[in-house]
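If you want the building blocks of each chain, they are given just below.
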Amino acid sequence: MTETAIAFAPGRVNLIGEHTDYNQGLALPFAIREGVTVRAQATGNAHVTVIARDLDAEDSFPLRAPDRTRGWRGFARGIVTELQAQGHNLVGAELEISGTVPPGSGLSSSAALEVALCLALLAVAGLSEPDRIDLAALCSKVENDWVGAQTGLLDQIASLRGEANCALRIDFRDRSVDPVPLDLGDYALVTLDSGERHANAGPSRGRDGPEEPGYNQRRSECARACEALGVASLREADLAQARKLPEPLARRVKHVITENERVERTVSALAAGDLDRVGELLDASHASLRDDYEISTPAVERAVARLRDAGALGARIVGGGFGGNVLGLLPPGATPPPEAISVIPSPGAHLVG
Ligand code: GLA
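This structure is a prediction, so every number in the text was calculated from the model and none was measured.

What follows is about the overall build of the chain. On a plain count of helices and strands, the chain comes out with nine helices and 13 strands. Taken along the three principal axes of its C-alpha coordinates, the chain extends 60 × 50 × 35 Å. Buried residues in the chain amount to 57% of all 353 residues. Counting only contacts in the chain whose residues sit at least 6 apart along the sequence, the fraction spanning at least 24 positions is 71%. With an accessible surface of roughly 13,800 Å², the chain has 48% of that area assigned to carbon and sulfur atoms. For the chain, the distance from the average position of its 35 positive side-chain charges to the average position of its 48 negative side-chain charges is 3 Å.

So, on to the sheet that holds strand E7 (residues 166–171). A sheet is described by the order of its strands in space; here three strands give the open sequence E2-E7-E8, paired in antiparallel fashion. Two strands lie at the open edges of the sheet, namely strand E2 (26–27) and strand E8 (176–181), each paired on one side alone. Bridge analysis of E2 against E7 gives two bridges, and the strand direction is antiparallel. What sits directly across from Ala27, in E7, is Ile170.

It is worth spelling out the pattern of salt bridges at this point. What the rule picks out here adds up to 22 salt bridges. Across the pair Glu96 and Arg53 runs a salt bridge whose closest N-O atoms are separated by 3.1 Å. Of this pair, Glu96 sits in strand E6 (residues 93–99) while Arg53 sits in the loop between strand E4 (47–52) and strand E5 (57–62), and the two are 43 residues apart along the sequence. With its nearest N and O atoms 3.3 Å apart, the salt bridge here joins Glu247 to Arg251. On the basis of relative accessibility, which here comes to 24%, the residue Arg251 falls in the partly exposed class. Overlapping salt bridges bring together Arg218, Glu221, Glu247, Arg251, Arg252 and Glu294 as one network.

A separate point is the site of the ligand. Every one of the 13 residues lining the ligand counts as a neighbour, but Glu18, His19, Asp21, Asp155 and Tyr215 are closest to it. Measuring from an oxygen atom of the ligand, one finds a side-chain N or O atom of Asp21 at 2.5 Å. Here Tyr215 contributes a side-chain N or O atom positioned 2.6 Å from an oxygen atom of the ligand. Relative to its unbound accessible area of 300 Å², the ligand is 98% covered by the protein chains. Of the pockets mapped on this structure, the ligand occupies the largest pocket. Taken together, the residues of the shell around the ligand sort by class into three nonpolar, six polar and four charged.

What follows covers the sheet that holds E5. Pairing is mixed in the open sheet, where six strands are placed in the order E5-E4-E6-E3-E1-E13. Each edge of the open sheet carries a strand with a single partner, namely E5 and strand E13 (350–352). Strand after strand, the sheet turns through a mean of 25° between neighbouring axes, direction not considered. In terms of strand pairing, E4 meets E6 through five bridges, oriented parallel. Within E6, the residue paired with Thr49 across the bridge is Glu94.

Conventions and cut-offs
Residues numbered from 1 in each chain as written. Predicted model: local features only at pLDDT ≥ 70, side-chain atom pairs only at ≥ 80, totals over all residues. Heavy atoms only, no water. Helix = DSSP H or I, 4+ residues; strand = E, 2+ residues; numbered from the N terminus. Buried < 20%, exposed > 50% of the residue type's maximum accessible area, 1.4 Å probe, protein only. Contact = heavy atoms within 4.5 Å. Areas by Shrake-Rupley, 256 points an atom, 1.4 Å probe, with all protein chains shown as cover. Lys, Arg positive; Asp, Glu negative; His and termini not counted. Charge placed at Lys NZ, Arg CZ, Asp CG, Glu CD. Pairing = 2+ DSSP bridges. Salt bridge = Lys/Arg side-chain N within 4 Å of Asp/Glu carboxyl O. Near = heavy atom within 4 Å. Polar contact = N/O pair within 3.5 Å; in protein donor to acceptor, adjacent residues only side chain to side chain. 1 Å grid on protein atoms, 1.4 Å probe; cavity = no way out; pocket = protein on both sides within 12 Å on 5 of 7 lines; lining within 4 Å. Sits in = over half its atoms within 2 Å of the grid points. Nonpolar A, V, L, I, M, F, W, Y, C, P; charged D, E, K, R; others polar. Axes fitted to C-alpha atoms, helices over the stretch in contact; angles between N-to-C directions.

Written out as structure tokens, the structure reads:
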């Protein structure tokens, strides 16, 4: 046990490969500079106190058997419970959370929080870190079971395995991670906030109406498509067969299959230093997410249009959809909209000090 441990975990931007993670597909995210910091102080008692600085809120629960509760309190309660269920002997602590990724922005504030909580809790108990892919799976389980968002492993792996100046080619079938140099030269990747907040744990507003189903609904549509096609995951699905499915399932499967192809093409374009081609692939990904996966909104479309007006070679929605940020690739000399933020591929989660 140590007195104090401080852990930082980054958010992420997904360059391409959206809604492929829970379909055993491919993605190409990178960790960003912005993230969540958790400062853990050992208390010597059997309680955990959580102070969320940005929310101006607190929580307190017994270390051994926290009750379940929804909302932000589910994160720390879930992480504490699941780490102990895997045999990590945690100690009572006061956890102070602060962050630089706005919740609901599509830049993975949730994964950054989960990961920073894990690293801080393990370190303050003097415990060594388990394998980082296993830790990503534990964090994802908390998001699924404790927070109610049926998300995959994309965000947690990006946060835990991020590398400076690299994107990560993740193959979710075998969970292999390969760093891909992201050499941008005088080009820039920027995010622009659509101003619309999203929540993966509940229904989200779609482009045509007030109560179009959200992230969890897309996930269950993919499961239904697998069942109809007789495959274990959409990674094994075939486009010709998928076309025979009833709508909207045919469109959903088409997105997933073509998005996996776009990830491979982006890896090749980066290896060839062809950033114009990367821009085209970002545009194609956005069109597929808008038309086939149907997770865009008018506010997102306006943000994409603003990036294109600023000269972006490509622009697309990132993350779960139904709001949040859009990503644009700007050529040298282009001036981004004033509120756009330059995103830099950065190292993964680590202890501070
Ligand atoms: C959210 C989820 C991820 C992934 C993306 C879409 O960020 O947390 O698991 O599914 O949406 O690619």
